[in-house]
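# Descriptive structure summary
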Amino acid sequence: MSATQVPFLDLASQIAPLREEIDAALRRVLDSGWFVLGPELEAFERELAERFGARTAVGVANGTEALQLALEALGVGPGDEVITTPLTAAFTALAIVRAGARPVFADVDPRTLNLDPTAAERAITLRTRALLPVHLYGHPANLDPLREIARRHGLVLIEDGCQAHGAKYRGRAIGATGAVALSFYPTKNLGALGDGGALLLDDDEAAARVRELRNGGQRARYEHLRLGMNSRLDELQAAVLRVKLRRLESWVERRRALAEIYREELASCGLDLPEEASYARAAWHLFVVRHPRRDALAAALKVRGVETLVHYPVPVHRQPAFAVVVPPETRFPVAELAASSVLSLPLYPEMSDARVRFVAGVVREAVAAIG
Ligand SMILES: Cc1ncc(COP(=O)(O)O)c(C=O)c1O
């Protein structure tokens, strides 16, 4: 087996050119002596909202809690059902459980692998309170029909944008309207130097509730009107995120250019390639191909020095932890087939065109080798 020539990601290569700015940001916080709920977070929230065209942004500890707090702030809790996709990070569904509600899964669209609006509508019961689509891999879910279903049934719509910083739906940034959760886990399109998250909201009252809930439920110091939690984005992370936020758009452009190279180089080699729906400007958090012999393909790439990952090998409804909330006979054929065939290729803004062409060449060779 050869040593890895192309890693799946290389976060150090993203930090290196920003090193001086990041060092200066960290120094500023260290010198200030103020580490939680301070001026860096306030500035980051303002800049984040502005960049996404959102009314307001609230920084929290991670993407999972951004989703949980959105649900709680919008009145979703015990006894309620929330319809979501089974093809996502299990954290999406975990947030629903942690908010006290029950995740109800509906199958995905076979092209985009995002929540299928028709399947979502079929899953509605008298207990349904919310729809929670995920913009998987950075490709927007089809929001118009989901918004229409939510409107018709009186449901809350909360979007999991944890992989979709920089994506657009019908020309409008994901996050510009509605309630959208972001993760700043280091590998995301906008990543912190540790955990972080935010909620973008167009509702001032909900935003005020999230601000209270993330800080123990306090309205003012030692005045706890709600049962909140501790989910604050600290000053060091906010200061670093401010530096990186300024690059987000150019990083997303770079991801888009590299995705286009992959699509050209891999056309008609026997792989099922990802594409943008007519309504979408994808942020290409991940470049995910599909092949019926996915595991063989991953192994063939590994021996050739290309690292890949699978997002996700087990759909959430088949995860043992979720057996308590999923009826045993539950099957989602599209999501299950996808889980057995998806493979994520290396894609990050610092990759050169030549490197992507090299990987594509290795992929073509590997596909031919596994037959
Ligand atoms: C789609 C999706 N939802 C939720 C999360 C949870 O985000 P975090 O790891 O910041 O809690 C992630 C990231 O892991 C994700 O990719």
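Preceding block: the structure.
Please read these numbers as outputs of a predicted model, since none were measured by experiment.

Moving on, we come to the pairing of strand E3 (residues 102-105). Sheet topology note: the strand E2 (residues 81-84)/E3 ladder contains four bridges and is parallel. Within E3, the residue paired with isoleucine 83 across the bridge is valine 104. Read as a crossover between parallel neighbours, the route from E2 over helix H5 (residues 90-98) to E3 is right-handed.

Take the packing of helix H11 (residues 294-303) against helix H13 (residues 353-370) next. The description of two helices packed together rests on the angle between their axes and the distance between the axes. Two elements in contact, H11 and H13, have axes separated by 9 Å at closest approach and are oriented at 125 degrees. What the angle tells us is that H11 and H13 run oblique. In this structure, H11 crosses over H13, and the sense of that crossing is right-handed. Between H11 and H13, the contacting residues are Ala296, Leu297, Ala300 and Leu301 on the first element and Val362, Val363, Ala366, Val367 and Ile370 on the second.

Contacts to the ligand come from 15 residues, most closely from Gly63, Thr64, Asp160, Ser183 and Lys188. Within the side chain of glutamine 163, a nitrogen or oxygen atom sits 2.9 Å from an oxygen atom of the ligand. Considered on its own, the ligand offers 380 Å² of accessible surface; in the complex 92% of this is hidden by protein. Mapped onto the shell around the ligand, the elements with two or more residues apiece are helix H4 (63-73) and H5. Class assignment of the residues belonging to the shell around the ligand gives a composition of five nonpolar, eight polar and two charged.

This paragraph deals with the sheet that holds E3. Strand order in the open sheet formed by seven strands is E1-E9-E8-E5-E4-E2-E3, with mixed pairing between adjacent strands. The strands lining the two open edges of the sheet, one partner per strand, are strand E1 (56-60) and E3. Neighbour-to-neighbour, the strand axes of the sheet open up by a mean angle of 25 degrees, direction not taken into account. With two bridges joining them, strand E4 (residues 128-132) and strand E5 (residues 156-160) adopt parallel strand pairing. Following the sheet pairing, alanine 130 is matched in E5 by valine 156. Contacting E1, strand E8 (179-183) and strand E9 (197-201), helix H3 (residues 39-52) runs over the sheet at an angle of about 130 degrees to E1. Against the sheet, helix H7 (residues 143-153) engages E4 and E5, with an angle of about 150 degrees to E5.

In this structure, Tyr262, Leu266, Leu271, Phe287, Leu301 and Leu345 are the most contacted members of the largest nonpolar core, which totals 31 residues. Among the elements of the structure, helix H10 (248-265), strand E13 (287-290), H11, strand E14 (342-345) and H13 are those that each provide at least two residues to this core. It is H13 that provides the largest number of residues to this core, a total of eight residues. Counting residues in hydrophobic clusters, the runner-up holds 29 residues, among them Ala167, Ala192, Leu233 and Ala280.

Criteria and thresholds
Residues numbered from 1 in each chain as written. Predicted model: local features only at pLDDT ≥ 70, side-chain atom pairs only at ≥ 80, totals over all residues. Heavy atoms only, no water. Pairing = 2+ DSSP bridges. Helix = DSSP H or I, 4+ residues; strand = E, 2+ residues; numbered from the N terminus. Right-handed = clockwise from strand over helix to strand, strands pointing away. Axes fitted to C-alpha atoms, helices over the stretch in contact; angles between N-to-C directions. Parallel < 35°, antiparallel > 145°, perpendicular 65-115°, else oblique. Left-handed = near helix turned anticlockwise from the far one by under 90°. Contact = heavy atoms within 4.5 Å. Near = heavy atom within 4 Å. Polar contact = N/O pair within 3.5 Å; in protein donor to acceptor, adjacent residues only side chain to side chain. Areas by Shrake-Rupley, 256 points an atom, 1.4 Å probe, with all protein chains shown as cover. Nonpolar A, V, L, I, M, F, W, Y, C, P; charged D, E, K, R; others polar. Core = buried A, V, L, I, M, F, W, Y, C linked by side-chain atoms within 4.5 Å. Buried < 20%, exposed > 50% of the residue type's maximum accessible area, 1.4 Å probe, protein only.

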